[in-house]
Amino acid sequence: MPPPMVRRLELADVPLLYPLIRISFPHITLREWVRIGRRMARSGPRMREGMLVARYGQGRPPCGMATFRRGFDLCSGDTLTSDYIVALSYTQEQQILNALLPAMETLARELGCDAIRTFSYSKPTVTRDSVVRKLCSSGHITERTVHLDRNKEIHQAP
């Protein structure tokens with residue numbers, strides 16, 4: 001199977017992505033997702049947030065996604081942060097990640113960022129009303145920041 005194609009979320013992708021959103025974030029209704037998806041599909045020079053979508057070819061449903069937001073960090077400067085990276089396939093998860101991460105690096109460079117920050121979670125996302133979420137973490141969160149080198153090489157932050 002060829003590697004997944006990755007592109008920014010477009011309006012036409014919003015309804016197609018809902019099954020993946022529903023599996024990962026069961027508290028988000030279709031109506032809420034359409035509102036969120038429309039906002040995340042915006043583009044233009046002032047774009048500060050969005051989503052990358054992975055799929056195995058044109059006309060195929062999404063198999064993965066990564067949210068992104070551009071912000072500033074005192075240690076890393078302008079930073080592209082991905083709070084959620086989701087792969088639909090357990091057997092092809094690494095292949096999907098291997099397509100999403102370089103696309104995120106390209107996007108970070110396009111947006112003038114100095115670093116990329118990603119988060120990964122050891123447990124599935126809990127509902128927003130969960131008692132566990134209100135009291136404490138339901139698992140471990142791993143944060144990783146890599147600085148973008150001017151020579152187009154990535155090196156991990158200390």
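For the structure, check the block above.
What counts and how
Residues numbered from 1 in each chain as written. Predicted model: local features only at pLDDT ≥ 70, side-chain atom pairs only at ≥ 80, totals over all residues. Heavy atoms only, no water. Helix = DSSP H or I, 4+ residues; strand = E, 2+ residues; numbered from the N terminus. Areas by Shrake-Rupley, 256 points an atom, 1.4 Å probe, with all protein chains shown as cover. Buried < 20%, exposed > 50% of the residue type's maximum accessible area, 1.4 Å probe, protein only. Pairing = 2+ DSSP bridges. Phe/Tyr/Trp six-rings, centres within 6.5 Å; stacked < 30°, edge-to-face > 60°. Contact = heavy atoms within 4.5 Å. Salt bridge = Lys/Arg side-chain N within 4 Å of Asp/Glu carboxyl O. Core = buried A, V, L, I, M, F, W, Y, C linked by side-chain atoms within 4.5 Å. Arc of directions from axis to C-beta.

Is there a simple way to think about the overall build of the chain in this case?
When its secondary structure is counted, the chain shows four helices and eight strands. Listing each helix as α and each strand as β along the chain from the N terminus yields β-α-α-β-β-β-β-α-β-α-β-β. As presented, the chain carries roughly 9900 Å² of accessible surface, and 55% of it is formed by carbon and sulfur atoms.

Before we go on, may I ask you to explain the pairing of strand S2 (residues 49–55) in this structure?
Every regular strand shows the same layout, with side chains that alternate between the two sheet faces. In terms of burial, S2 is largely enclosed, as six of its seven residues are buried. Taken together, the four bridges between strand S1 (residues 5–8) and S2 define a ladder with antiparallel strand orientation. Residue Met5 lies in a different strand from S2, and its bridge partner there is Arg55. The pairing of S2 with strand S3 (residues 62–73) spans seven bridges and is classified as antiparallel. Across the sheet, residue Gly50 finds its bridge partner in S3, namely Phe68. Between S2 and S3, which pair antiparallel and follow one another directly, the connecting turn spans six residues, one of which, Gly57, has a positive phi of 100 degrees.

Just checking my understanding: could you explain the packing of aromatic side chains for this structure?
Geometry of an aromatic ring pair is reported as the spacing of the ring centres plus the angle between the planes. With the rule as written, the count across this model stands at one aromatic pair. A centroid spacing of 5.0 Å and a plane angle of 85 degrees characterise the contact between Phe25 and Tyr84, whose relative ring orientation is edge-to-face. Here the residue Phe25 occupies a position in the loop between helix H1 (13–24) and helix H2 (30–40), and Tyr84 occupies one in the loop between strand S4 (77–82) and strand S5 (85–87), the gap between them amounting to 59 residues. With relative accessibility at 8%, the residue Phe25 sits in the buried group.

Any chance you could explain the side chain of Ser76 here in plain terms?
In this fold, Ser76 is placed in the loop between S3 and S4. Look at Ser76 and you get buried, because its relative accessible area is 9%. Here Ser76 is in contact with Asp114, Ala115, Arg117, Thr145 and His147, once residues within four sequence places are set aside.

Got a minute to help me understand the pattern of salt bridges in this structure?
As a working rule, side chains carrying opposite charge can pair if their charged atoms are close by. Applying the stated criterion to the full structure yields nine salt bridges. Here Arg55 makes a salt bridge to Asp13, at a shortest N to O gap of 2.8 Å. On the criterion of sequence distance, the pair formed by Arg55 in strand S2 and Asp13 in helix H1 is long-range, its members being 42 residues apart. Assigned by exposure class, Arg55 and Asp13 land together as buried. In the salt-bridge network here, residues are joined through shared partners; they are Arg7, Glu10, Asp13 and Arg55.

Would you mind going over the nonpolar core with me for this structure?
What tends to happen in soluble globular proteins is that the nonpolar side chains get buried as a cluster. In terms of nonpolar packing, the biggest core is built from 19 residues, with Leu80 and Ile96 touching the most fellow members. Listing elements by their share of this core, those giving two or more residues are S2, S3, helix H3 (93–110) and strand S7 (141–148). No other element matches H3, which puts five residues into this core. Counting residues in hydrophobic clusters, the runner-up holds 16 residues, among them Phe25, Ile28, Trp33 and Met40.

Just checking my understanding: could you explain H2 for this structure?
Within H2, the full set of buried residues consists of Trp33, Ile36, Gly37 and Met40. Burial along H2 is one-sided: seen end-on, the buried residues are contained in an arc of 100 degrees. Exposed residues on H2 whose side chains face more than 90 degrees from its buried face are Arg31, Arg35 and Arg38.

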